[in-house]
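Listed below are the residues making up each chain.
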Amino acid sequence: MKALIVYSSRTGNTEKICRAAAEVIPGCDVFPVGDAPAPDGYDLVGVGYWVDKGMPGKDAAAYLERLSGVRVALFGTLGAWPDSDHARECIVKGEALLEGRNNTVFGTFLCQGKVDPRIVEMMQKMGDKVHPMTEERKARLAEAAKHPDENDCENARAFLRGVLERIAG
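Quick notes on the rules
Residues numbered from 1 in each chain as written. Predicted model: local features only at pLDDT ≥ 70, side-chain atom pairs only at ≥ 80, totals over all residues. Heavy atoms only, no water. Axes fitted to C-alpha atoms, helices over the stretch in contact; angles between N-to-C directions. Helix = DSSP H or I, 4+ residues; strand = E, 2+ residues; numbered from the N terminus. Parallel < 35°, antiparallel > 145°, perpendicular 65-115°, else oblique. Left-handed = near helix turned anticlockwise from the far one by under 90°. Contact = heavy atoms within 4.5 Å. Nonpolar A, V, L, I, M, F, W, Y, C, P; charged D, E, K, R; others polar. Expected span 1.5 Å × (residues − 1). Buried < 20%, exposed > 50% of the residue type's maximum accessible area, 1.4 Å probe, protein only. Arc of directions from axis to C-beta. Pairing = 2+ DSSP bridges. 1 Å grid on protein atoms, 1.4 Å probe; cavity = no way out; pocket = protein on both sides within 12 Å on 5 of 7 lines; lining within 4 Å. Points joined across faces, edges and corners; volume = space filled by probe spheres on them.

**Student:** Where do I start with the packing of helix 1 (residues 13-22) against helix 6 (residues 150-168) in this structure?
**Tutor:** A packed helix pair is summarised by two numbers, namely the angle formed by the two axes and the spacing between the axes. Two elements in contact, helix 1 and helix 6, have axes separated by 8 Å at closest approach and are oriented at 50 degrees. Judged on the interaxial angle alone, helix 6 and helix 1 are oblique. As for how helix 1 packs across helix 6, the hand of that crossing is right-handed. Together, Lys16, Ile17, Ala20 and Ala21 of helix 1 and Asp152, Cys153, Ala156, Arg157 and Leu160 of helix 6 make up the contact between the two elements. A per-class count over the contact of helix 1 with helix 6 returns six nonpolar, no polar and three charged.

Structural data, given as structure tokens:
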């Protein structure tokens, strides 16, 4: 299996998850999105992104929108709870970027990741109008700061093993 994993990572969260997942496929090529080769000749392309306003970050989104006729697995990190309604919406929006161009999406893996302190600062400056800094939000950000951890990395590996089984099956 010739595989490529491309990632966009603001804080290192997504890179960590993508590199962990890549361990599942011997010889897997891993690149930041800006240095990624064309996906031609790869049996699988993994694309990792950090969630920005409910969507893959703009660099990863632009890469996804260029893919055509590719087997794809997505890896995302976000500050929200990975089993939340917001996370499920992020999955739908990320996968939608691949529609209509003969791509096959084998699924999306999402896990929590620390939020860039500059983004937290920006949210605090917005005050209660957009993202009020509630006790629940503070607790979520504190938990997100602990991720991705080794358990998240193992879950990303397990996700990619499942993708490979579906491709082979």
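So, next bit.
**Student:** Teacher, can you tell me more about helix 3 (residues 85-96) here?
**Tutor:** Each α-helix winds once per 3.6 residues, and so residues spaced three or four apart point in a common direction. Over its twelve residues, helix 3 extends 17 Å from the first C-alpha to the last, a length consistent with the 16 Å expected when each residue adds 1.5 Å. Within the span of helix 3, buried status applies to Ala87, Cys90 and Gly94. Along the axis of helix 3, the buried positions cluster into a sector of 55 degrees, meaning they face one direction only. Looking at helix 3, the residues exposed on the side facing more than 90 degrees away from the buried face are Asp85 and Val92. At its buried positions, helix 3 is contacted by strand 3 (44-52), strand 4 (55-56), helix 2 (58-66), strand 5 (71-78) and strand 6 (104-112).

**Student:** Help me understand the pairing of strand 1 (residues 3-7) in this model?
**Tutor:** Regular strands place their side chains on alternate faces of the sheet. The buried count for strand 1 comes to five of five residues, which makes it a mostly enclosed element. Burial along strand 1 is two-sided: Ala3, Ile5 and Tyr7 facing one way and Leu4 and Val6 facing the other are all buried. Sheet topology places strand 1 next to strand 3; five bridges connect them, and they run parallel. When the bridges of strand 3 are listed, Val6 appears paired with Val47. Inspection of the sheet shows strand 1 paired to strand 2 (residues 29-32) by four bridges, in the parallel sense. Residue pairing across strands places Ile5 opposite Val30, the latter belonging to strand 2.

**Student:** How should I be thinking about the layout of surface pockets in this particular structure?
**Tutor:** Which parts of space are left empty comes out when a probe the size of a water molecule is rolled across the atoms. Considered as a void within the structure, the largest pocket measures approximately 640 Å³ in volume. Forming the walls of the largest pocket are 27 residues, and the residues nearest its centre are Val51, Lys53, Val115, Ile119 and Met123. Looking at the lining of the largest pocket, the elements with two or more residues in it are helix 1, strand 3, strand 5, helix 4 (117-126) and helix 5 (135-144). The element contributing the most residues to the lining of the largest pocket is helix 4, with five residues. For the lining of the largest pocket, the class distribution of residues is ten nonpolar, nine polar and eight charged.

That is the geometry; function is a separate question.
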